[in-house]
Every structure is written in C-alpha cells, then in structure tokens.
Amino acid sequence: MITLTKAELWNLITKGEVTEDPNLPKVDGRIDLRGLKLPKPAVANQRPFAQFQVRTILPSSSVRGAKLHELDLTGSSIPSLRLFDAEIRNCVLDRCNLADLRMWSTTVANCGFRSTKLRGAALGGIDNGKRNMFLNVDFSDADMRETAYKSASFTHCRFRNTRLEGTNFQGSTFQDCVFEGEVRNVLFNRSASGGEDLPPNQMLNVDFSRATLRFVGFRGLTLDHVVFPQDTDHFVIRDFDSALDRVLRLLSAQADEAARKLVFFLENERKWVVPNQAQGVVNALDLREVAGDEGLERFRAALNA
Amino acid sequence: MMAFGMLAGAAMPAPALEDAIIAEAPATMIDVIAAVPAAIETEAPDVTALLQAHVDSAAAAANATGLSPAQAAAAASNPGLAPAFYDSNVDAMAKASIAADPALSSVQITPRFQFGPDFYSSSTGQWWDITTDSQWANHVDKYTQQFGNGIHLTY
C-alpha cells in the first residue's frame, strides 16, 4: 500500500502514472482531488550550465499530453498551470483558483468551471495550428475577465453570470452556446487579427435571450443564427447596415451635443457591420450612458423615422 | 494523505540531474524528481525578439481595431481620451498575445493595473516593459531597484 498526498497523486496523474484503481477515493465516480493546493512555481536553486544560468523551478507547472479524466478538483488552487496537448474530460473544476492558466492544443469536454477564477488565463492559444476545444463546458459564475485568445472553439458551452469584462475573444468560434446575465465590455469577432487562416466564427445557434449586453461588440458577423434578448433594454434591429446608416444620416443632420455623441458612438460600431448583416443589437442603457435620456429618445426617433 | 494500491511506474527511479541536462536541450522543462517534479528552465536568447514582435503586432492591431464600445462611449464625451485608450489597447493586446504564445509559456505577465514590469522571467530574473521611448526612463526608475535590469519593448 502506498500513501500519497493529493499533490503527489496529481503529479502522478498528470504524468500518466496512475491507472484505474478501485482503491482510489472517489466522489460521484470521479477521483477525489478536492481542495488540492499547489504552490506557485518558484526558483528552488540555480547553477551555471554552459553559457546559461540553469534554475530549478518547483513545482513544475508544465503538463504535456496528460489525460485528466474523471477528476473532482473542486476548490483546488493550481497556479500558473501550463497544459500542452492535454485532455480534460468529465472533470469538476468548480470554485478553483486557476490564476495564470495557459493551455494549448487541449480538449476540455463535459466539465464544469463554475465560480472558478480564470481571470487573465490564456484559453485561446494555438500550438502547431491546433486550437483548444471546449465542448459542453459550464463556465457559470466563473471569473473570465481579460482571458486571452487567438482562437478557441466553444461548443455547447454555458456562460451564466460569467464575468467577461475586458475579454476580446478574437477569432474564437461559438456554436450552440448560451450566455445569461450581464455580458459587459466583450468583443466577438469573425476572425482574429492575423488569424484569417483559422476557422471563422459564425456564431451558430448562440443564445443571448436571457443576457444583458452592455458595450458588447460583434465585429464582422452576420448574426443570422443568434438569438438576442427581447426586452425594453435592447434594440434588436433587422437589416442592421441599412438601418444604422439611416439612423446616422438623421442624427448627423442634428448639430447638437447629444446627436454628436451618438454619431461618434454609433460610427465606431458601424465600422464593423458587414453588408447585409441580418441583425444587430444596441443597448438602450449604453445609449443613455453616452448621450443621456435625450440621446436615447433621439436614437429611438431616428430608428422609427 | 490517501492510500491506494496500483501505481504504474510510481517506483521508477528519477534520472540524475546531470543526466537530465545532457539528455535534453537546456531550454526544455525537465522533471528530475519522481514524487514532486521539478523543472529546469533556461532563458532562450531570442525571448526579447519574440516579445518585441508581439508588441509590434499589437500596435498594428490596436490601430486596426480602434476603440471598444465602452471606450467609444467614454470618448464620445471626451475625445482626448483616445490616445490613452490606444496605449491601453496595445498593452492589453500584447499581453493577451504573449500569454497565448506557447514559445513564451515561461514568461510571467503582470496583470494590468498591478505594480511591476509587464513581463519577467523567473528563470533569469530578466524583466521587460512596454512603453514609448519618452516614458522608458521613468519605468527604469520605477522597477530597477526591486527587479534588476530591464529591457525596453517599444512601440
């Protein structure tokens, strides 16, 4: 019988040195690694080697080719984790601290990151042309502010009350995803800057119907398979390019301060509208913040003119 | 602590440190301890060039991308904010791009609005900071005493 700490068991699992074992402690069929706490990697010692100063970093944060299947890591802290060519399947990563996580060529399927700290994590790295794939992943209540992307694939993912402020998803693709709660200061794009060779984002069957969209940009997207909220806070506008052009013409003819602010704000949006864009969305609260109640009513009048 | 039986390869001896260094290229991560793996890192000489390339791309992308909707809302009332937003976007885009680069996985990134140089290497103690030429001297003053010598990433 061998006795291991959770940290030692984690190390063996990430190195593929643990096989299925009925004696492993389980929670709902998953290996129990709840509350795993790993220290932040730091320099343990250093020595010269050829022209280099070689430093030993403990513990290693890089995990390559790992198959992380059926683990319960609820409440764990794994700082500065680097995943390459990994598979994470049927794992619970709720309420974890994954500060400074970066991953490449990794598939994450049937997992939950509910209420997990992912702020600043690099979830959209590309290695040898391969993207990260997120399939049926629940990011509810997670902190994903300022997460970094070139492109990642999100399919059947749920973002309920997920904090996303400051996130530019670049060329990340979304299919059959649901966003609920406030989505603020986020950019969705058809492709990443310099990533035109990657699969384009088409936002297929993406549901924002229970979301509040505050200062959210949709750039280069036709949005014909997107469901927007149907409430008084959102103007969901069909034939967005021609409608927006008409609004801008009318507002530009009005020389007062409210109209000038609206034109500045909406022209910034107009740059990213594609020809024959099926629909677009403008948030009334955003307009009120830009140009006050007067501006909001001016926009409404121009839209209905 | 937890106890269990079958461990594939758990008893394998760890390679000696010197053997590991000879067997692998020095820039790779090498595990040297079985139970608690360690890693050996060295600084690739072209890290500065890689970082600068990301900053150059970020500066171009920030020009092309322009203002976010939230920034446009603020700039509608105060157009003078636009240059600060451009600087902020270069910083954010460069950090995101560098974080997503597998060749720079060992470079640490200071989150925005936290004190410290933009990037540093725990392997070498080297730090880098993104700033304009005119601001570099201020950044040297700010970080050198605590972090050592830094390298300027310009845009």
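Numbering of residues starts from 1 in every chain and runs along the sequence as written. Note on labels: chains are lettered from A, ligands numbered from 1, in written order. pLDDT decides what is reported in this predicted model: residues at 70 or higher carry local features, side-chain atom pairs at 80 or more are listed and counted, and totals for whole chains, interfaces and linings draw on all residues regardless.

## What to know about the overall build of chain A
- Only runs of H or I of at least four residues qualify as helices and only runs of E of at least two qualify as strands under DSSP, and these elements are numbered from the N terminus. Secondary structure assignment for chain A yields four helices and 24 strands.
- Seen through its principal axes, chain A has C-alpha atoms that stretch 80 × 50 × 35 Å.
- Out of the 305 residues in chain A, the part that is buried amounts to 46%.
- Sequence separation of at least 24 residues holds for 45% of the intrachain contacts in chain A that already meet a minimum separation of 6. Each residue is classed by its C-beta neighbour count within 10 Å, where at least 20 other C-beta atoms makes it buried, 12 or fewer makes it exposed, and intermediate counts make it partly exposed; the C-beta atoms are placed from backbone geometry. Contacts here follow a simple rule: the backbone-placed C-beta atoms of the two residues must lie within 7 Å.

## Regarding the domain arrangement of chain A
All names here are of chain A.
- Splitting chain A by domain gives domain 1 (6–43 + 54–231) and domain 2 (232–305).
- Domain delimitation follows an automatic or database domain assignment. Distance between the C-alpha centres of domain 1 and domain 2: 35 Å.
- Considering only residue class, the side of domain 1 that touches domain 2 consists of six nonpolar, five polar and four charged. By the convention adopted, Pro, Cys, Tyr, Trp, Phe, Met, Ile, Leu, Val and Ala count as nonpolar, Lys, Arg, Asp and Glu as charged, and the other residues, Gly among them, as polar.

## As for the sheet that holds strand 6 (residues 150–153) of chain B
Residues and elements named next belong to chain B.
- Should DSSP find at least two bridges between two strands, the strands are regarded as paired. Spatially, the four strands line up as an open sheet ordered 3-4-5-6, and their pairing is mixed. Every interior strand has two partners, whereas the edge strands, strand 3 (107–109) and strand 6, have only one. Within this sheet the neighbouring strands show an average axis-to-axis angle of 25 degrees, counted without direction.
- Where strand 3 meets strand 4 (residues 119–121), three bridges bridge the pair, whose relative direction is antiparallel. From the neighbouring strand, valine 107 faces strand 4, where its bridge partner is serine 121.
- Lines fitted to C-alpha atoms define the axes, with helix axes restricted to the stretch in contact, and inter-axis angles between N-to-C directions lie between 0 and 180 degrees. Lying on the sheet, helix 4 (residues 82–99) is in contact with strand 3, strand 4 and strand 5 (127–130); it crosses strand 3 at an angle near 145 degrees.
- Along the sheet, helix 5 (residues 136–147) contacts strand 4, strand 5 and strand 6; its crossing angle with strand 6, the most-contacted strand, is approximately 150 degrees.

## A short note on the environment of asparagine 97 of chain A
Residue and element names in this part refer to chain A.
- With respect to the helices and strands, the residue asparagine 97 is situated in the loop between strand 10 (87–89) and strand 11 (102–104).
- Sequence separation of asparagine 97 and leucine 204 is 107 residues, and the distance between their C-alpha atoms is 31 Å.
- Excluding residues within four positions of it along the chain, asparagine 97 makes contact with Ser77, Pro79 and Lys117.

## A look at the sheet that holds strand 8 (residues 71–72) of chain A
Residue and element names in this part refer to chain A.
- Strand order in the open sheet formed by three strands is 2-3-8, and the pairing between neighbours is mixed. Each edge of the sheet is formed by a strand with only one pairing partner; in this case those strands are strand 2 (26–27) and strand 8.
- Two strands pair when backbone bridges link them, and strand 3 (residues 30–32) and strand 8 are joined in this way by two bridges, in the parallel orientation. Bridge pairing links aspartate 32 to aspartate 72 in strand 8.

## Observations regarding the packing of helix 3 (residues 257–270) of chain A against helix 3 (residues 69–77) of chain B
- With their axes 8 Å apart at the nearest point, helix 3 of chain A and helix 3 of chain B run at an angle of 155 degrees to one another. Judged by the angle between their axes, helix 3 of chain A and helix 3 of chain B are roughly antiparallel. Every pair of crossing elements has a handedness; the one defined by helix 3 of chain A and helix 3 of chain B is right-handed. Residues Lys261, Phe264, Phe265, Asn268 and Glu269 of chain A of helix 3 of chain A touch helix 3 of chain B, and the partners they reach there are Pro69, Ala72, Ala73, Ala75, Ala76 and Ser77 of chain B.
- Across the contact of helix 3 of chain A with helix 3 of chain B, the residue classes break down as seven nonpolar, two polar and two charged. Angle categories: roughly parallel below 35 degrees, roughly antiparallel above 145, roughly perpendicular from 65 to 115, and oblique for all the rest. Handedness of a helix crossing follows the sense of rotation of the near helix relative to the far helix, less than a right angle counterclockwise being left-handed and clockwise being right-handed.

## Considering the nonpolar core
- Throughout this description, the term nonpolar core refers to a group of buried Ala, Val, Leu, Ile, Met, Phe, Trp, Tyr and Cys residues whose C-beta atoms join them within 7 Å. With 111 residues, the main nonpolar core has Leu73, Cys91, Cys177 and Leu262 of chain A together with Ile98 and Phe119 of chain B as its most contacted residues.
- With seven residues, the top contributor of residues to this core is strand 21 (residues 206–219) of chain A.
- Apart from the residues within four sequence positions on either side, leucine 73 of chain A is in contact with Leu33, Arg34, Leu36, Cys91, Val92, Leu93 and Cys96 of chain A.

## Points about unusual backbone geometry
All names here are of chain A.
- In this structure, aspartate 85 takes a positive phi of about 50 degrees despite not being glycine.
- Mapped onto the elements, aspartate 85 comes out in the loop between strand 9 (82–84) and strand 10.
- Given 16 C-beta atoms within 10 Å, aspartate 85 falls into the partly exposed group.
- Phi angles above zero are rare outside glycine, and asparagine 110 is one such case at about 55 degrees.
- With respect to the helices and strands, asparagine 110 occurs in strand 12 (residues 107–112).

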